[in-house]
Amino acid sequence: MSESLIYAMSTKGEMKLEQFNEIFKMVYLPRIQIKKDVIDINIRRQVIRMLDSLGYCEFDFDSRMVYMCSPCLVLLPTYGLPKAVLAGARIPSLIAKIKIAVRSRRERAGFTAITPGSHNINIPASIVIEAVDTLTIQEIANEAGIKCLLERPAAWDLVNFSSSIDEVQKSLQWEKRQEQNWKCDVFITDKLSFWSKAEESTGYKLVAYQNPVDQQWQHWLRDGERAAAVERDWGRYITLSSAGLSVLLYDENHYKLAVPVTVPLPCILARALAMCTGVSPIFATTEKKAGSIPSRHPVQIYSGVPPIIAKLIAEKAGQKITPACLENEKGEVVYD
């Protein structure tokens, strides 16, 4: 089902968000036994984030457009033989070309389609090429007629390109602004989610207001009588950082990093994490309180994250990493 979704999107190249919603309803939802005329917002949101973080496409919610990325083999930060993952748009004929190119170099390269586990939102299999050297990967890309980025791992470029929390805070345009008489939700730091009712608090408060005309959400960071428009993901991390709360868990023994599902990283940092393996994270649940994450809270666990990349991502997000064990016999429960 997930391949059908990405194939359908790839034939469009770019589309309005409303067109994506229609494709999502027709191609994706029927296969998971949800009525075609109903979109589960949580499922849709997770699929959007996964497709974006794995480099298949980019969602521009300001212009309400979806842009497919050009197909490209991008280098992964591995310690053995070089590996590259297929990012961007794809159609069956492209996959066939890549397989033929790899097959003709079977002594120097291998083709692997990694299907996400059962705990994942259903998304396309990750196509990974492993070869004896980057020149062989370049040859495969040339034969398939696609680009490749092999100078250095994409994860490094992405994490260095991303803004930092300090830069985002300095760019905020503060103004004196009264509370709007619109429907609103407030981000509650001890619950790591938005709630319609919130107690008065000191320090930063992130408020989501729903425009009664177009039903779109606007996010404002409030500090007393001052307020500044802010991007939703950065707003959450600014609020958490100002409160001294840490929500990133890292298992240095297994190179795994966990992020709360309700507090996803800003898109470029999320893509940097995903591009450590080119494979989607698994969904899990904290068994007990871990760092500032409550017990029984949903998280996403990314694999293959080198310590230095985990450290850089945490610094960019204004976080301190909490050591944790993210692997056990069930493979799905987080331990503090």
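A brief look at the structure comes next. Sequence positions are assigned chain by chain, starting from 1 and proceeding in written order. Reporting of local features is limited, given that this is a predicted model, to residues whose pLDDT is at least 70; pairs of side-chain atoms are given and counted only at 80 or more, and all residues count toward the totals for whole chains, interfaces and linings. The basis for every side-chain value is the complete set of non-hydrogen atoms in the structure, without hydrogens or water.

Geometry of aromatic contacts follows a simple scheme: Phe, Tyr and Trp rings, the Trp one being its six-membered ring, pair when their centres are within 6.5 Å, and the pair is stacked under 30 degrees between planes, edge-to-face over 60, tilted otherwise. Using the criterion set out here, one finds 5 aromatic pairs in the structure. Summarising the aromatic geometry, the rings of F59 and F61 are spaced 6.0 Å apart at their centres and angled 15 degrees between planes, so their arrangement reads as stacked. Taken together, the aromatic side chains of F20, F24, F59 and F61 make up a single cluster linked through ring pairs. Comment: the charge-over-ring label is applied if NZ (Lys) or CZ (Arg) is within 6 Å of the ring centre and within 35 degrees of the ring normal. For the cation-ring pair, R177 lies above W220, with the distance from its terminal atom to the ring centre recorded as 3.9 Å.

Consecutive side chains of a regular strand alternate in pointing toward one face of the sheet and then the other. A pair of strands counts as paired when DSSP detects no fewer than two bridges linking them. By the criteria applied, helices consist of DSSP H or I runs no shorter than four residues and strands consist of E runs no shorter than two, each listed in order from the N terminus. Alignment of strand β12 (residues 205–210) against strand β13 (residues 217–223), held across 6 bridges, turns out to be antiparallel. Paired with A208 across the two strands is H219, which belongs to β13. Sheet analysis places β13 next to strand β14 (residues 226–229), joined by 4 bridges and oriented antiparallel. In the strand pairing of β14, W220 is matched with A229. Counted along the chain from β13 to the antiparallel partner β14, the turn is 2 residues long, and its residue G224 has a positive phi close to 65 degrees.

The next subject is helix α6 (residues 154–161). Since the α-helix turns once every 3.6 residues, residues separated by three or four places project in the same direction. Buried means the residue's accessible area, taken with a 1.4 Å probe over protein chains only, is under 20% of the maximum for its type, while exposed means over 50%, and partly exposed covers the values in between. For α6, the complete set of buried residues consists of A154, A155, L158 and V159. What you see down the axis of α6 is that its buried residues fit within an arc of 125 degrees, all on one side. Residues of α6 that are exposed and point over 90 degrees away from its buried face: N160 and F161. Pairs of residues are marked as contacts when any of their non-hydrogen atoms sit within 4.5 Å. Tucked into the core, α6 has its buried residues touching β4 (72–75), α9 (267–274) and α10 (307–316). Each C-beta atom gives one direction from the helix axis, and the arc is the one those directions make.

Paired through backbone hydrogen bonds, the strands of a sheet run either parallel or antiparallel to each other. Pairing within the open sheet is antiparallel, and its 3 strands lie in the order β1-β3-β2. Among the strands making up the open sheet, the edge pair consists of β1 (14–16) and β2 (57–60). Strand-to-strand, the axes of this sheet are offset by a mean angle of 15 degrees, without reference to chain direction. Strand direction decides the pairing type here: β2 and strand β3 (residues 65–68), joined by 4 bridges, are antiparallel. Directly across from F59, in β3, lies its bridge partner V66. Lines fitted to the C-alpha atoms define the axes, with helices restricted to the stretch that makes contact. Angles between their N-to-C directions range from 0 to 180 degrees. Of the strands in this sheet, β1, β2 and β3 touch helix α2 (residues 17–28), which is tilted by about 95 degrees from β1.

What follows is about the packing of α6 against α10. Following both chains from N to C, one finds α6 and α10 inclined at 20 degrees, their axes separated by 10 Å at the closest point. Considering the angle they form, α6 stands roughly parallel to α10. α10 is crossed by α6, and the crossing has left-handed handedness. In this structure, α6 uses A155, W156, V159 and N160 to contact α10, whose residues at the interface are I308, I309, L312, I313 and K316. In the scheme used here, Gly and all other residues not listed as nonpolar or charged are polar, with Ala, Val, Leu, Ile, Met, Phe, Trp, Tyr, Cys and Pro taken as nonpolar and Asp, Glu, Lys and Arg as charged. Broken down by class, the residue content of the contact of α6 with α10 amounts to 7 nonpolar, 1 polar and 1 charged. For this classification, under 35 degrees means roughly parallel, over 145 means roughly antiparallel, 65 to 115 means roughly perpendicular, and everything else is oblique. It is the rotation of the near helix from the far one that decides the hand of a crossing: anticlockwise by less than a right angle makes it left-handed, clockwise makes it right-handed.

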